[in-house]
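The lines below spell out each chain.
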Amino acid sequence: MIDSLKHLPHAAGSSSALAEQFTDLAPALTERQAAIESARCLYCYDAPCTRICPSEIDVASFIRNIHDKNINGAAAGILKQNILGGSCARVCPTEILCEDACVRNHDEEGQPVKIGLLQRHALDHASFKTYPFQRAERTGKKIAVVGAGPAGLSCAHRLAMLGNDVVIFEAREKSGGLNEYGIAKYKLTGDFAQREVEFLLSIGGIEVQHGRTLGVNLHLHELHAQYDAVFLGLGLNASRQLGLTGENAPGLMAAVDYIADLRQASDLTALPVPARAIVIGAGNTAIDMAVQLKRLGAQDVTLVYRRGFESMTATHHEQDIAKANLVRIRTWAAPLEVLLDEAGRVRGMRFEETRLDNGRLTGTGAFIEIAAEAVFKAIGQSIDPVGLSDEMAQQITREGDKIHVDSQFRTALTGIYAGGDCIAPGQDLTVQAVQHGKLAAMAIHNDIQFKVEASHG
């Protein structure tokens, strides 16, 4: 997909200059800073920060361990609840979760404890002599996990801990899912995502097969027949369409495709970078796309959204990052037409200004045109229909464009479970996907054990 942009003028700087643009967005705490910050925690009983954490990390406990210089204890406590706690410490929107719930927001300081940075500090500085988790006695059961993203990896790890053998089937060349291919490069730097995967797999009992795509060279009915249970951690891999003529023209592509190429690029100067770009969307992916284009050297980046700032799903923190990087945000404008040059390539877009009329979004009849050599869609994603195309997969109940599951992550088909971004409801958060995988693993294990006990009863 990125090949369609190679005709564009390259606005990037030198390799070293670009590398500096993709260092950590939030620098790590020093040992002294971590000591000071951990001392600010009030270690609340029934702490609101813990109650709001999607992965149920005991926040007050791990911060107390940091304060007591028990870094390994802090790290082990985090990993027990969230095996991908290192990446979540970097990408989790703590500003609307644990830090927003911190009681120190309401005292004279008015500043929450920096929980995300403290979590990162614990996991970055832990040094375990042996792996902190041991496998239970083998159950003799084997579970298939489809997708090596946060949900699939979390599910596989917990299943392995419980004594089960697991085979993960992953379509891409690397494991990690969103962490490897979809997060802004300045949030998860270097090879952190792969190092975290390697640590997770050290539990043992997990085999990973790459290049296996559900609906192509992997089929649900075969997995259902060959394994004791199947977990679908499919993620959302199909980008939604704008529904406009010219949507497949050179210069218009999905933001996630460009971000994936950016994250895998060994030489950032080799990436095609437009001088002017439009990003359509209102979520964190749209912000990530726009900011990274600016950091790559694009001169003019405009993020366009059909509603107002208050309706954007990107947090205020993310919006502030965009503004700090000189991204222009244009609200109340709906995509109307892709503008093409004589060669059929993108030269801009035409938008209709919008407003709310009795709570309903409507056009005003006023139009604007924005010139650009590239347009990036960040309007959401859905499950790739190919993955659920075989006869058995089509029996899975859907809720909108996602998979319906019960409270134990069971689908409508016995022995098949699902979790992460592909199920409804979901917040499309890495930390929530990790929690889904963990809880689904315990449900799978309990269901398998129940069947074993029933067969002996």
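The structure we're discussing is the one just above.
Residues numbered from 1 in each chain as written. Predicted model: local features only at pLDDT ≥ 70, side-chain atom pairs only at ≥ 80, totals over all residues. Heavy atoms only, no water.

### Observations regarding the sheet that holds strand β15 (residues 398-399)
Note the threshold: The pairing criterion is simple: DSSP has to find at least two bridges between the two strands. What counts as a helix is a DSSP run of H or I of at least four residues, what counts as a strand is a run of E of at least two, and both are numbered from the N terminus.
Pairing is mixed across the open sheet formed by three strands, whose spatial order is β15-β16-β18. The two strands at the open ends of the sheet, each matched to only one other strand, are β15 and β18 (423-424). The pairing of β15 with strand β16 (residues 402-404) spans two bridges and is classified as antiparallel. Following the sheet pairing, E399 is matched in β16 by K402.

### Overview of the state of the cysteines
Heads up, the condition is: Any pair of cysteine sulfurs within 2.5 Å is marked as a disulfide.
Tallied over the full model, the rule gives zero disulfides. This cysteine, C155, is not joined by any disulfide, and C422 carries the nearest cysteine sulfur, 11 Å off.

### Side note on empty space enclosed by the protein
Quick reminder of the rule: A cavity here means a set of 1 Å grid points, computed over protein atoms only, where a 1.4 Å probe fits but cannot escape. A pocket is an open set with protein on both sides within 12 Å along at least 5 of 7 lines, and lining residues have an atom within 4 Å of a point. Grid points are joined across faces, edges and corners, and a volume is the space filled by probe spheres set on the points. Side-chain classes are defined by residue name, with Ala, Val, Leu, Ile, Met, Phe, Trp, Tyr, Cys and Pro counting as nonpolar, Asp, Glu, Lys and Arg as charged, and the others, Gly among them, as polar.
For the structure on display, the rule yields three cavities of 30 Å³ or more. For the largest cavity, the calculated volume is near 120 Å³. Around the largest cavity, the lining comprises 16 residues; the ones closest to its centre are C53, C92, T94, C98 and Q119. Breaking the lining of the largest cavity down by element, the ones donating at least two residues are α6 (85-91) and α8 (115-125). If you tally residues by element for the lining of the largest cavity, the top one is α8, at three residues. Its residues placed into classes, the lining of the largest cavity shows eleven nonpolar, five polar and no charged. Here the second largest cavity is characterised by a volume of approximately 100 Å³. Within the residue set of the lining of the second largest cavity, elements represented by two or more residues are α3 (48-52) and α4 (59-67). Residue composition of the lining of the second largest cavity, grouped by class: 14 nonpolar, no polar and one charged.

### Looking at the nonpolar core
Our working rule: Nonpolar cores were defined as sets of buried Ala, Val, Leu, Ile, Met, Phe, Trp, Tyr and Cys residues, with membership established by side-chain atoms within 4.5 Å. Partly exposed residues are those whose accessible area sits between 20% and 50% of the maximum for their type, while under 20% is buried and over 50% is exposed, using a 1.4 Å probe and protein chains only. The contact definition used throughout considers only heavy atoms, calling two residues in contact when any of these lie within 4.5 Å.
Counting residues in hydrophobic clusters, the biggest one holds 83 residues, and the most contacted among them are F62, L223, L232, L234, L388, I403 and I444. Ignoring any residue separated from it by four or fewer positions in sequence, one finds L388 in contact with L214, L232, L234, I383, A393, Q394, I396, R398 and I403. L18, A298, A322 and A374 belong to the second largest nonpolar core, which has 35 residues in total.

### So, the side chain of S154
Mapped onto the elements of the fold, S154 is located in helix α9 (residues 150-161). For S154, a relative accessible area of 3% gives the class buried. With residues up to four places along the chain from it excluded, the contact list for S154 reads I83, V434, G437 and K438.

### Let's talk about the layout of surface pockets
With a probe scaled to a water molecule rolled over the atoms, the places where space remains empty come into view. Its boundaries defined by the atoms lining it, the second largest pocket holds a volume of some 610 Å³. Each residue belonging to the lining of the second largest pocket can be placed in one class, and the counts come to ten nonpolar, six polar and nine charged.

### A few points about the environment of H106
Mapped onto the fold, H106 is located in the loop between α7 (98-101) and α8. When its relative accessible area of 69% is taken as the criterion, H106 is described as exposed. Separated by 146 residues in sequence, H106 and L252 place their C-alpha atoms 46 Å apart.

### Considerations on the sheet that holds strand β1 (residues 142-146)
Applicable threshold: Fitting a line to C-alpha atoms yields each axis, with helices limited to the stretch in contact; the angle taken between N-to-C directions then spans 0 to 180 degrees.
With parallel pairing, the five strands of this open sheet are ordered in space as β3-β2-β1-β4-β17. Bordering the open sheet on either side are β3 (206-210) and β17 (416-418), each of which pairs with just one other strand. The sheet shows a mean angle of 20° between the axes of neighbouring strands, taken without regard to direction. As defined by bridge partners, strand β4 (residues 229-232) adjoins β17 across three bridges and the pair is classed as parallel. Within the sheet, the bridge partner assigned to L232 lies in β17 and is A418. Its contacts with the sheet put α9 on β1, β2 (165-170), β3 and β4, and the angle it makes with β2 is roughly 165°.

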